[in-house]
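Listed below are the residues making up each chain.
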Amino acid sequence: MRIKRLRLTIASVASLLFCGLAAAQGTSEAAVKAAQSAGDNAWMLTSTALVLLMTGPGLALFYGGLVRKKNVLGTMLQSFVLMALVTVLWVIFGYSLAFGEGLPVIGNLRYALFSGVGGVPNPDYAPTIPQQTFAMFQLMFAIITPALISGAFAERMKFSSMLLFMTLWLTIVYLPLAHMVWGKAGLLNAFSGGRFPCLDFAGGTVVHISSGVSALVCALYLGKRKGYPSELMKPHNLVLSVIGACLLWVGWFGFNAGSALAASALATSAFVATHVAAAAATLGWLVAEWIMLGKPTMLGAISGAVAGLVAITPASGFVTPGPALLIGIAAGVVCFLMVSKVKQRFGYDDSLDAFGVHGAGGTLGAILTGVFATNLVNDGLKDSAGKALPLGLIDGNPMQVAYQCIGVLISWALAAVGTIVILKICDAVLGVRVDPVHEEQGLDLALHGEEAYAFEPERS
Amino acid sequence: MRIKRLRLTIASVASLLFCGLAAAQGTSEAAVKAAQSAGDNAWMLTSTALVLLMTGPGLALFYGGLVRKKNVLGTMLQSFVLMALVTVLWVIFGYSLAFGEGLPVIGNLRYALFSGVGGVPNPDYAPTIPQQTFAMFQLMFAIITPALISGAFAERMKFSSMLLFMTLWLTIVYLPLAHMVWGKAGLLNAFSGGRFPCLDFAGGTVVHISSGVSALVCALYLGKRKGYPSELMKPHNLVLSVIGACLLWVGWFGFNAGSALAASALATSAFVATHVAAAAATLGWLVAEWIMLGKPTMLGAISGAVAGLVAITPASGFVTPGPALLIGIAAGVVCFLMVSKVKQRFGYDDSLDAFGVHGAGGTLGAILTGVFATNLVNDGLKDSAGKALPLGLIDGNPMQVAYQCIGVLISWALAAVGTIVILKICDAVLGVRVDPVHEEQGLDLALHGEEAYAFEPERS
Amino acid sequence: MRIKRLRLTIASVASLLFCGLAAAQGTSEAAVKAAQSAGDNAWMLTSTALVLLMTGPGLALFYGGLVRKKNVLGTMLQSFVLMALVTVLWVIFGYSLAFGEGLPVIGNLRYALFSGVGGVPNPDYAPTIPQQTFAMFQLMFAIITPALISGAFAERMKFSSMLLFMTLWLTIVYLPLAHMVWGKAGLLNAFSGGRFPCLDFAGGTVVHISSGVSALVCALYLGKRKGYPSELMKPHNLVLSVIGACLLWVGWFGFNAGSALAASALATSAFVATHVAAAAATLGWLVAEWIMLGKPTMLGAISGAVAGLVAITPASGFVTPGPALLIGIAAGVVCFLMVSKVKQRFGYDDSLDAFGVHGAGGTLGAILTGVFATNLVNDGLKDSAGKALPLGLIDGNPMQVAYQCIGVLISWALAAVGTIVILKICDAVLGVRVDPVHEEQGLDLALHGEEAYAFEPERS
Amino acid sequence: MIKKIEAIIQPFKLDEVKEALRAIGVDGMTILEVRGHGRQRGHTEIYRGQEYQVDLLPKIKLEIVAPHNRVEQIATALIHAARTGSIGDGKIFVSDIAEAIRIRNEDRGEDAL
Amino acid sequence: MIKKIEAIIQPFKLDEVKEALRAIGVDGMTILEVRGHGRQRGHTEIYRGQEYQVDLLPKIKLEIVAPHNRVEQIATALIHAARTGSIGDGKIFVSDIAEAIRIRNEDRGEDAL
Amino acid sequence: MIKKIEAIIQPFKLDEVKEALRAIGVDGMTILEVRGHGRQRGHTEIYRGQEYQVDLLPKIKLEIVAPHNRVEQIATALIHAARTGSIGDGKIFVSDIAEAIRIRNEDRGEDAL
Ligand SMILES: Nc1ncnc2c1ncn2[C@@H]1O[C@H](COP(=O)(O)OP(=O)(O)O)[C@@H](O)[C@H]1O
Ligand SMILES: Nc1ncnc2c1ncn2[C@@H]1O[C@H](COP(=O)(O)OP(=O)(O)O)[C@@H](O)[C@H]1O
Ligand SMILES: Nc1ncnc2c1ncn2[C@@H]1O[C@H](COP(=O)(O)OP(=O)(O)O)[C@@H](O)[C@H]1O
């Protein structure tokens, strides 16, 4: 009898303690989750802002400085207006087609108009931050990618036609590719059981190959600028381009390290790889120039930096500093040869070298990712036993190189075919090339009724 | 007897466990608090830096590019010197008058010289971050607001007089308004039992109406620039203005999303609304121009973006993406009409359109906030039962529109009356307008003995 | 017997609870650590990006705007190439020599090639963030410091020679000094039992004195620019310098507040001190100018801001806002006198005033840190009983001023001797000064075959 | 006979001068940004705490080619529009033109103006 | 006798003109960026929703000093290279040069050209 | 009789030339930034891995209107100050001025200079 009471006592005490414990755990777990989310969200909001900074003013300045004085506003406006246009398209259907589940090649419309995209994390993509943060971060990628293309048809494309082109290009080329590589169950998504498991941490295929290859197609389709190449069309203000390049470099930390989608050690690792590759590529390009031309140039230095950043993008979350250095050097030299030799050789007018840097650099980086990726850096792929799987060739997974090549081929094909089709549509509907008188006069005055720099007699 | 010992055993074991549990909870709770604070502080320090970036170089470039070559330094210096002047005033008394408890219309001096403003959070405002972080974040708002006004009297106000004007304006107009809207127990503070509960998330009234309306008063009081409007006074360097606009856009993420005072889902939501509105307004302005003038302009695009950012400011923490889009479009079109039609019609010389964009856009946004605010986004207002109260008209709270109008009226009145009084004082003490010879020569040489761009015969 | 079972019951229940409790604690502690790390890492990655922003485009623009048109690219490239060169050196051996344990005056090679530098924190330096984050953050300091020197030999140093100089300077001057002041068991490291405990929160000695003093030596060794001082060599584009100064100011938040190595209240405190000092120094310089020359200048305002930021750097993590204000004012006035009076008096050609601002401001700040440092702000130094030790003179620790002076002397000596030796080496190997024809023609064309601003007849 | 009138004026007088010339039916002209050196003291600039006298002042140079019988009228209009009465107002130089040709249609002589 | 040929042309014609002159062996010339005012209507610019007519158009001015016997040939080459046939093509003005000196070696007269 | 001296010189010689002219009491002059084309080979620029020869070189043009009896002296001063002895030093062209007027006070002829 007493014993009974005793038993009860024990039971009650025990249960009491359990409850206390449980409760305590409960609260603290929620609180810890919130704290974790705050840290990750802080970094991701910052990264999102940094990636927007890459387009405006970064890319706008980089490109704006490279064109002739009469086209600087028209060129900058192409980047700037995409910040607006793509944002609206993204909210309406872009995000959904890219990241809604659906087919392996394209998403569905479940997230159209951002329905269901709120403060709750989407565990398929980023379990610790609001889905809206993820959606905004990805939006900034969708803004800069088409903007990169504009470097190829600079100084000669109709503004109206450019808007139509970009709308179609985003829909037909970018969204499917983004879905295949990063979307849930995407055809090329190594982390979501894709048929062809490719590794593309921050957009070697989705961003750089797609834009670079489309740029080449545009350059070929629109043809050369009046007077090219006989007339020397040199940058009207390299200082602007230097500012732009620096902002691209800094913004790229958001681009690559942000692609870890958390303020984690992986983010830091991507940060390191990004910076090291940019540095190595800068030196690579400068040395190549110095040897071949006897002089290192400012334009070479900033172009090299961008080339390195492009090439490391797909690899940034998978490689250690050493390989990042090698990728950087390779990118610097290869891209230098692309813009100084290959372009001259074939004579196409890739006006601001969007293909020479992004197309070539992106392809190089995508393939080298298959070589240098290692699970020492990224253990995201696990076997049933939870053991991290080997990633690249140096991890003992030679097949990855093949998969990377498949990813590259699919990207090239989609970009090339898609772009040619879109150009034909735009040409039929609006015409793609400005009238020669306007080209002579310059886009700023002809299309926008403005001059960048006012003529104003100086006075004392 | 044994039983007793048993009881003791149980008791001791129990208490032992309780202690362990309690202790454990104790430590972990402090640790969790610290972690939460780290995440939120990381975002708020970043936001604070971003808001400073808006003034320097953002606004300095935006305005500097719009003036004539002879006034670019004088114009940029007005923004730059405010970064210094307001900071000192803020530490001495500004923060305290704005955020110290006190009357409904003005704070007290308890925080003068930052006394009591340290690493400990101030639960009245931001419970998870050091009060100093909050004070710095708010300081950046107090810097950019007066700087915005300078767009109205550009190219013709005395530097000395400008310093006096800004000192008085901060004290007489900004601090009371900030206190009313955001200060504890402020007259218009909806979240602190204000008499007229207004919703102003990030400063539609405090920042944009106050600066915009004061700008109009300044433009009228100082009169037109010599030669206006007969002489075309167009931007001397639009590239600078584009850089400035881009930095304003990026910095605005700190401005609006930072106003959540934490790296929370609300911050993300404000981030989304901000970006969407900026994008929509850019398109709105461009389309309006295109229809009415046949050409979309670069100046139009950047002005539209700023207009959208202004209008969404009060709403950013209360609305979903859809309404943000509508607010943006409205702002783009309305502000375009303000600067292209209304200004011409009435003929005042709001030189850089501080009123046309900030005054008009701010008023529009403040009122639409009353329409579109919803507790789906922000459940900060709760009833006794802890249920989130409806916020705006679409939430079923039509009264809010009325309160918003009251807030707008009070802001207009305070800004208008305050500014006219201050101008009269400055005029009496120092004179507000530069002497005509100096205006002709340009502020750079006349007031600062400098030229922005050196005459330097080129050499090869 | 029953009782036995009872005892068992109790025991089991108890143990069961203990386990549960322990486990729960275990998980939650790891989770809390992770959350803490996320918040701190978010801030530190942001700070690292901000410090890179200081060099490119910040310093590149600040210096680029101050030189003559013919040298702008050559000047900007000096900053830009250091972003690449120093990064590679840092990964290979720089970080290790600075932060590997070793002798009191120099580190060892344990971290060479970043071996052992990964995602795990290094408790000796930053216990809550990946060591790679710390290494990257420190790298950005190692980039800007040599870049600052380039202001002294602007417009006349060979590019090749500059590269050699910087490589040697980093190795012989920067790394040892960084190790002494911040490295584990460094000779001057107050927080790691250094022989002479100096306080240098963010680099008054390591960054500013070292670069400033070396700058003076360079200016003297290379001699004056052709035509100096008879010819007026004024800034070719002050707008660029203003942009640069603003980015320096904003980036400095990463520099100083980031030196807390966490998103802590100490970071916020350093943020406040930094901003207040910059503001005060801006006003200090402007007022001094106004009094002595009758006009406040834009160049004065930005130079003042930089002077204040330099002077507060060593003190930023140790002082309250009041002293920060005083340090700022002092720096503004002192540096103004340095560049406007002392330089003229002695007639050396410190072309962009690297010594006048960084050498003088850094020395001033280092000493005043010994005066104003207080454990109310930073309780990092504790006695055996765990009580915070007094820091500066106002804390009742007069000795600190002496230690600061020792630190200053050692820094001056190392910088001066090291630089002169390195210059002699460079001069012997490559020659340090460009040939006079090249100097006349300008570095851009002569060394880099480029012009910043293209001659392009305007067309309508 | 055809003459060339070169006038060096203060930049801020350009609009008034253009007006005055239009008023008397002179439309064709070429305008150059130049730097002038003469009696007029330049403004002072401040750099690094030093004051500097700028001795090359921005000026505007107008070139007007006209029939000789219009020269006096044009000069008078120029003088009145450009004068402030203080040192630095500038000069007018007149010289002979041997031939004038309009590129568009090869008109020659006065028809070309 | 030595003549000075001043030609005001459309900026975008500069390269063609230089070519044409090189073709006839004229290498020495001085080029100025100027603003022109004449029959040609300027382009319209948009600012803050208003349209403005720009009445100072960018032009290029060439100065070529040459022996009088080459003037006609140079003028012809200039005209053909610079002509578009539309208003704004510009003018050619010819005047006398009393003396020419090459600074490098004090050659005078035609040798200096 | 009044003459106009036009001198095209190397930009980096401007200061020396101004000095030399001041030394002989010549203060009034007008300075233009021009581009020159002549015997002098331009410098080479690099763009995207290619080398380009720049054929329009920055030059400074001085215009000095002076009494004919001072022309030789001025020319000599100019030549000595501007000469480096290498190709590209520039030219001096002298021509007649029919009339000179000072806008400020309508002084005419030599008084106007
Ligand atoms: N002898 C000259 N030859 C050429 N240009 C001259 C001469 N004298 C003056 N000028 C031009 O006229 C401008 C005004 O001359 P200045 O002596 O300053 O005032 P003023 O015209 O009132 O005498 C000078 O800046 C210069 O451009
Ligand atoms: N009378 C003139 N004196 C000097 N320059 C002139 C004169 N008339 C025209 N010009 C220059 O020639 C340019 C072209 O002249 P314009 O009348 O526009 O066309 P067109 O040469 O076909 O008649 C003008 O922009 C101006 O620079
Ligand atoms: N025939 C000419 N007409 C006008 N300007 C000329 C002529 N020849 C040369 N110049 C100017 O003189 C400058 C120097 O001439 P150049 O032939 O290069 O060297 P040099 O004066 O030593 O013969 C040229 O850059 C050009 O501006």
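Sequence order as written defines the numbering, with residues in each chain counted from 1. Numbering of ligands from 1 and lettering of chains from A proceed in the order in which they are written. The predicted nature of this model means local features are confined to residues of pLDDT at least 70 and side-chain atom pairs, given and counted, to a pLDDT of 80 or more, with totals for whole chains, interfaces and linings taken over all residues. No hydrogens and no water enter the side-chain calculation; it runs on all heavy atoms of the structure.

Participant: How would you sum up the packing of aromatic side chains? Please name residues and give values.
Facilitator: Any pair of Phe, Tyr and Trp rings, taking the six-membered ring for Trp, is counted once the centres come within 6.5 Å. Such a pair is stacked with planes under 30 degrees apart, edge-to-face with planes over 60 apart, and tilted for the rest. Under the criterion given, the structure shown has 72 aromatic pairs over all chains. Relative to Tyr95 of chain A, the ring of Trp90 of chain A lies with its centre 6.0 Å away and its plane at 55°, an arrangement referred to as tilted. Note on accessibility: Trp90 of chain A and Tyr95 of chain A belong to one class, buried. Measuring from ring centre to ring centre gives 5.0 Å for Phe99 of chain C and Phe134 of chain C, while their planes differ by 80°; the resulting arrangement is edge-to-face. Within this pair, whereas Phe99 of chain C is found in helix H2 (residues 72-99), its partner Phe134 of chain C is found in helix H3 (residues 131-149), the two being separated by 35 residues in sequence. Take Phe99 of chain C and Phe134 of chain C: they sit in the same class, and that class is buried. Put simply, the rings of Trp90, Tyr95, Phe99, Tyr111, Phe114, Tyr125 and Phe134 of chain A touch in pairs and so form one group of aromatic residues. Throughout, exposure labels follow a simple rule: accessible area from a 1.4 Å probe, protein chains only, divided by the maximum for the residue type, with under 20% read as buried, over 50% as exposed, and the rest as partly exposed. We count a stretch as a helix when DSSP gives it H or I for four or more residues in a row; a strand needs E for two or more, and each element gets its number in order from the N terminus.

Participant: Residues and numbers for the site of ligand 2, please.
Facilitator: Summary of the distance rule: residues count as near a molecule or strand when at least one heavy atom falls within 4 Å of that molecule or strand. Around ligand 2 lies a shell of 20 residues, among which Thr30, Arg102 and Arg104 of chain D together with Arg39 and Gly88 of chain E are the nearest. One chain alone does not account for the residues near ligand 2; they come from chains D and E. In this structure, a nitrogen atom belonging to ligand 2 sits 3.5 Å away from a main-chain N or O atom of Gly28 of chain D. Polar contact criterion, stated in full: a pair of N or O atoms within 3.5 Å, where within protein one must be able to donate a hydrogen and the other to accept it, and residues adjacent in sequence count only if both atoms are side-chain atoms. Gly90 of chain E is positioned such that a nitrogen or oxygen atom in its backbone is 3.1 Å from an oxygen atom of ligand 2. Protein contacts shield 98% of the accessible area of ligand 2, which totals 540 Å² for the unbound molecule. Counting residues per element, the ones that place at least two in the shell around ligand 2 are strand S2 (29-37) and strand S5 (57-67) of chain D together with strand S2 (29-37) of chain E. Residue composition of the shell around ligand 2, by class: 5 nonpolar, 8 polar and 7 charged. In short, Shrake-Rupley with a 1.4 Å probe defines the accessible areas, and a residue's cover is counted only from the protein chains shown. Polar here means any residue outside two lists: the nonpolar Ala, Val, Leu, Ile, Met, Phe, Trp, Tyr, Cys and Pro, and the charged Asp, Glu, Lys and Arg; Gly therefore counts as polar.

Participant: Could you give an account of the interface of chain C and chain A, naming the residues involved and the relevant values?
Facilitator: Here, two residues are considered to be in contact whenever any of their heavy atoms come within 4.5 Å of each other. Counting from both sides, the interface comprises 70 residues of chain C and, opposite them, 62 residues of chain A. Summing both partners gives a buried area of about 5500 Å² for chain C against chain A, and 75% of it is carried by carbon and sulfur. We count a salt bridge whenever a side-chain nitrogen from Lys or Arg sits within 4 Å of a carboxyl oxygen from Asp or Glu. Run the count over chain C and chain A and you get 1 salt bridge. One salt bridge connects Glu451 of chain C with Lys234 of chain A, and the closest N-O pair in it is separated by 3.1 Å. Linking chain C with chain A are 14 residue pairs in polar contact (both at pLDDT 80 or more). It is helix H1 (residues 2-66) of chain C that contributes the most residues to the side of chain C that touches chain A, 31 residues altogether. Here the side of chain C that touches chain A is built from residues that sort into 46 nonpolar, 17 polar and 7 charged. By definition, the buried area sums, over both parts, the 1.4 Å-probe accessible area that each loses when the two are put together.

Everything listed here is a matter of geometry and, on its own, says nothing about what the molecule does.
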